[in-house]
Amino acid sequence: MIFGPREVRANERGIVVFDLGGRRHAVEAGTVERIVTREEDGWIRSTVLGRPEHARRGLVTTLDGRPRTLAVDEVLGVERVPADSIAPLPEVARLTLRTRGIAGLVARDDELLLLVDLPELIRESEEESTSDA
Amino acid sequence: MRKTSATKEPSRAKARTDAGQAEAIFRVLEKLATGDYGERIDVEAIDSPHIKKIATLVNAVAEHATEQIRTAQERNQNLRNGVQEALDAILRVVNQGELSGSTGIRSDNPILEPMIRGIDQLLETLRAFTLEMGEASLQISASSAEVLAAATQHESSMTHQASAVHETTATMAELKSAAGNIADNARTVAAVAEQTVVAARAGEAALRSLFQAIATISQDAEAIHEAMERLSRRVERIGSVVEVIDEIADRSDLLALNAALEGAKAGEAGRGFSIVAAEMRRLAENVLASTQEIKTLIGEIREATDETARATERNRASAKEGEEQANQAMQSVQAILTGIEETSDAARVIHLATQQQRSATEQVVQSMTDLEAATRQAQQGAAQAAGAAAELAKLADRLSSLARRFRVS
Amino acid sequence: MRAMRELRHETSDPWEALGSPDQVALFVFRLLGERYAVHAHLVHEVIRAGALTRLPAAPAFLLGVFNHRGEILAVLDLAQLLAEENTSLAQGARVAIVQSGPWKLALVAEALEGLVSVPPTALEPPPTSWPGPSEFLECVAQTKDGPLSVLDLPRLIEVARARGTSA
């Protein structure tokens, strides 16, 4: 894995960078249907990533054919990153983490962002709420 | 032997013999010597004519003595009775004050008679004296009552006068010192008044300009207030416009995001699209940043205008108040000016008058002091007189009651 | 030996570490007030911890991940693993990068002391009644500075995995 300064490479991936609960995250652009600002359906506010502070935006994804929206604080932008700036979680972390919602990590601007598995995150959150109810 | 009722039956001494007869005579003589005149000699029983004669003489002596004694006793008794009566009479006088009659005792007893006459005279004298005493005490009583009344009256008048004099003296003293002060002050007042007139005129001028200034402030305040109102309204309008722009910018941002998303999903083909979308986002971000700045600015302006409005309001209110107060001050100053001018003239007059008044007052004070002294003396005299009169009245009373104890008619 | 080549140690006597093949090289650290060690050949290097990315829904012993020269490694708190006590990780504190089989990770302790060499005779089996955590002890090494509890690193990692999945 080679990390270098951000260059436009043939092998690139699109990510949506967003802020949620005071931390910066990333999610694969492919899993985001749309970015919205008005809450029409119930936005999901309770996930392992924490609760949004002011929920200005929503990330819409399709889960089992239905649209679901994750409430986030800000959407910073849609970016193209080199494919090798994306890495899976270390095995120990992957095995011991009590969530399926983190797919990996993205090296961006000298920090590691959590690469969120949006559908899994939402599915998990719905499982949590149904088990609580 | 003869018997007398006054004496007891003389005992017959039977004389049989001469010796025996002489014995009997001696016995009787011994008794006579001892004061016992009760014995008689039985003369018939005596034969001897000489002894018979002696015996008869002895009997006669005894008889005579007895008679003498009896008479003396009678006379004594009479005397005693008379004295007792006189004594009773005196006692009546003493105990019951009975002076109305004499003793009522007649006696031709030479010893008794003068005594009784003396007592009668005494009673007479006493009676006369008592009558006189009664009258006199009545007179004294009346007079002393009059004196007491008069003295009391006098005393109270004296007290009133004394206190009145005292007050007057005190007032006069105050007046004197006040007059003195006024006289001194009048000179100063005259001078000060002159200065004050000058100062007051200057003050009047200053007030007038202050008045002007306040009026101007008031007008200005009004103007500011109106200007503030206008500004506020404009700011409000800007605020609502900014809100609209904000909304639009946000929607643009969203559009740009979604466009970029599509571009990313399209991979290589969507690269150009992504770039355009990115630019649009930057634009929207700029607009949003600007509107944020404007919003902040509007907020500041609003705060400032609110503050100014409040201040202006305060200014207006205080300007109004100031105007009123200035007005009042003006009036006061004008009044003062008038007063001062009068005072200035008056001061000069006062100065002269007080000079005269001062000496006059001094005189009055002196007279008052004298009068006060005199009054005090009179007061004391009156008090003494009153006291004496009271004493006298008491005495008269006692006398009167004494006299009343005796019945004189 | 690969471990020897990659070894970067901070001990007062570097020659001691190389030593003779008979010697057993141990990497010593202080933990829970006691002195522990792992076999030196398991230790890749000791570095200063950089920015640590914390992970949500992580077990207590998993402090986070960090980027080590292009490789993302998990950071484990030994004290948590052994006794469920927290080690406060200050910025720039030392962490030891270890590898056990396919598992490469970073370990955090109170303090990392360095290498010691002991003769094999100094190694004793762990006592049956050990006051500390015994399931991870491989043996006890007697040194001139006192006994060292030598940890069984593979076992440790195995237990960590098991704890993570069961929670």
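Along each chain, residue indices are assigned from 1 in the same order as the chain's sequence is written. Chains and ligands are labelled by the order in which they are written, letters from A for the one and numbers from 1 for the other. Note on the predicted model: pLDDT of at least 70 is required for a residue's local features to be given, and 80 or more for side-chain atom pairs to be given and counted; whole-chain, interface and lining totals, by contrast, use all residues.

**Describing the overall build of chain C**
- Elements are defined by DSSP. Helices are runs of H or I of four residues or more, strands are runs of E of two residues or more, and each kind is numbered from the N terminus. Counting its regular elements, chain C contains four helices and eleven strands.
- Here the C-beta atoms are placed from the backbone, and a residue counts as buried if at least 20 other C-beta atoms lie within 10 Å of its own, exposed if 12 or fewer do, and partly exposed otherwise. Expressed as a percentage of its 167 residues, the buried residues of chain C come to 32%.
- Contacts in chain C between residues far apart in sequence, at least 24 positions, make up 56% of those at least 6 positions apart. Contact between residues is assigned whenever the C-beta positions, reconstructed from backbone atoms, fall within 7 Å.

**Describing the overall build of chain A**
- Broken down by element type, chain A carries two helices and ten strands.
- For chain A, buried positions account for 40% of its 133 residues.
- Contacts in chain A between residues far apart in sequence, at least 24 positions, make up 57% of those at least 6 positions apart.

**Here we look at the interface of chain B and chain A**
- Contacts between chain B and chain A engage ten residues on the former and twelve residues on the latter.
- For the side of chain B that touches chain A, the secondary structure elements donating two or more residues are α3 (112–265) and α4 (271–404) of chain B.
- Ranked by the residues each element gives to the side of chain B that touches chain A, the list is headed by α3(B), at eight residues.
- Note on residue classes: Ala, Val, Leu, Ile, Met, Phe, Trp, Tyr, Cys and Pro are nonpolar, Asp, Glu, Lys and Arg are charged, and everything else, Gly too, is polar. The residue inventory of the side of chain B that touches chain A, partitioned by class, reads five nonpolar, two polar and three charged.

**Comments concerning the nonpolar core**
- Counting residues in each nonpolar core, the largest one holds 89 residues, and the members touching the most others are A:V16, C:L26, C:L76 and C:A106.
- A total of seven residues in this core trace back to one element, the largest contributor, which is strand β1 (residues 24–31) of chain C.
- Those residues within four positions of C:L76 in sequence are excluded, and the remaining contacts are C:F61, C:L62, C:L63, C:L81, C:L105, C:A106, C:L107, C:V108 and C:A160.
- Here a nonpolar core is just a set of buried residues of the types Ala, Val, Leu, Ile, Met, Phe, Trp, Tyr and Cys, joined wherever their C-beta atoms sit within 7 Å. Counting residues in each nonpolar core, the second largest holds ten residues, with B:A24, B:V28, B:Y37 and B:I41 among its members.

**What to know about the pairing of strand β2 (residues 34–39) of chain C**
Residues and elements named next belong to chain C.
- As paired elements, β1 and β2 share six bridges and run antiparallel to each other. Note that in β2 the partner of L26 across the bridge is H39.
- Here a strand pair is declared whenever DSSP counts at least two bridges between the two strands. If you look at the hairpin formed by β1 and β2, you'll find two residues sitting between the two strands, and L32 has a positive phi there, around 55°.
- Where β2 and strand β11 (residues 146–151) come together, two bridges link them in parallel fashion.

**Remarks on the sheet that holds strand β6 (residues 94–100) of chain C**
All names here are of chain C.
- Strand order in the open sheet made by the five strands is β3-β6-β7-β5-β4, with mixed pairing throughout. A single partner strand is all that each edge strand has here, and the edge strands are β3 (43–48) and β4 (62–68). Going from strand to strand, the sheet's axes swing by 30° on average, the running direction of each strand aside.
- Of the pairings in the sheet, the one linking strand β5 (residues 71–77) to strand β7 (residues 103–108) comprises four bridges and is parallel in character. Opposite V75, over in β7, you have A106 as the bridge partner. A fitted line through C-alpha atoms serves as each axis, taken over the contacting stretch for helices, and the angle formed by two N-to-C directions is quoted from 0 to 180°.

**Here's the deal with the interface of chain A and chain C**
- Across the boundary between the two partners, chain A contributes 20 residues, which contact 21 residues of chain C.
- The set of elements that each furnish at least two residues to the side of chain A that touches chain C consists of α1 (91–96), β9 (102–108) and β10 (111–116) of chain A.
- Tallying contributions element by element places α1(A) first for the side of chain A that touches chain C, with five residues.
- Of the residues contributing to the side of chain A that touches chain C, the split by class is 15 nonpolar, two polar and three charged.

**A word on unusual backbone geometry**
All names here are of chain A.
- The phi dihedral of A55 is positive, around 45°, even though this residue is not glycine.
- Residue placement: A55 occurs in the loop between β4 (43–44) and β5 (57–63).
- Even without glycine at this site, D110 takes up a positive phi of about 60°.
- Its location among the elements puts D110 in the loop between β9 and β10.

**Details of the confidence of the model for chain A**
All names here are of chain A.
- Across chain A, the average pLDDT comes to 88, with 91% of residues at or above 70.
- The pLDDT score gives, residue by residue, the confidence of the prediction method on a 0 to 100 scale. Taken element by element, the predicted model of chain A shows its lowest mean pLDDT in helix α2 (residues 118–132) (86) and its highest in strand β2 (residues 23–28) (96).
- pLDDT under 50 marks residues 1–9. Its contacts with residues more than four places away, or in other chains, come to nine contacts.

**Comments concerning the sheet that holds β9(A)**
Residue and element names in this part refer to chain A.
- Taken together, the six strands give an open sheet; going across it, the order is β7-β1-β2-β10-β9-β8, and neighbouring strands pair in mixed fashion. One side of each edge strand has no neighbouring strand; the edge strands of this open sheet are β7 (74–82) and β8 (86–88). Strand-to-strand twist across the sheet, computed as the mean angle between neighbouring axes with direction ignored, equals 35°.
- In this structure, β2 lies alongside β10, joined through three bridges in parallel fashion. Within β10, the residue paired with A26 across the bridge is L115.

**Details of the environment of B:A256**
Residue and element names in this part refer to chain B.
- Position of A256 among the secondary structure elements: in helix α3.
- When the 23 C-beta atoms within 10 Å are taken as the criterion, A256 is described as buried.
- Here A256 is in contact with A277, M280, R281 and A284, once residues within four sequence places are set aside.

**Section: the pairing of β10(A)**
All names here are of chain A.
- Where burial is concerned, most of β10 is hidden: five out of the six residues are buried.
- Sheet topology note: the β9/β10 ladder contains six bridges and is antiparallel. Looking across to β10, one finds that I102 is bridged to V116.
- Here β9 hands over to β10 after two residues, with D109 in that stretch at a positive phi of 55°.

**Considerations on the confidence of the model for chain C**
Residue and element names in this part refer to chain C.
- Scored by pLDDT, chain C has a mean of 80; 81% of the residues are at 70 or more.
- Note on residues 1–12: pLDDT under 50 across the span, and 17 contacts to partners over four residues away in sequence or across chains.
- The complex prediction reports pTM at 0.52, with the ipTM value standing at 0.82.

**What about the environment of C:A49?**
- Counting through the fold element by element, C:A49 comes out in the loop between β3 and β4.
- Separated by 19 residues in sequence, C:A49 and C:H68 have C-alpha atoms that sit 9.2 Å apart.

**Topic: the environment of A:R98**
Residue and element names in this part refer to chain A.
- Mapped onto the secondary structure, R98 falls in the loop between α1 and β9.
- On the neighbour-count criterion, R98 (14 C-beta atoms within 10 Å) is partly exposed.
- Each C-alpha atom, one on R98 and one on V48, is 9.2 Å from the other, the two residues being 50 residues apart in sequence.

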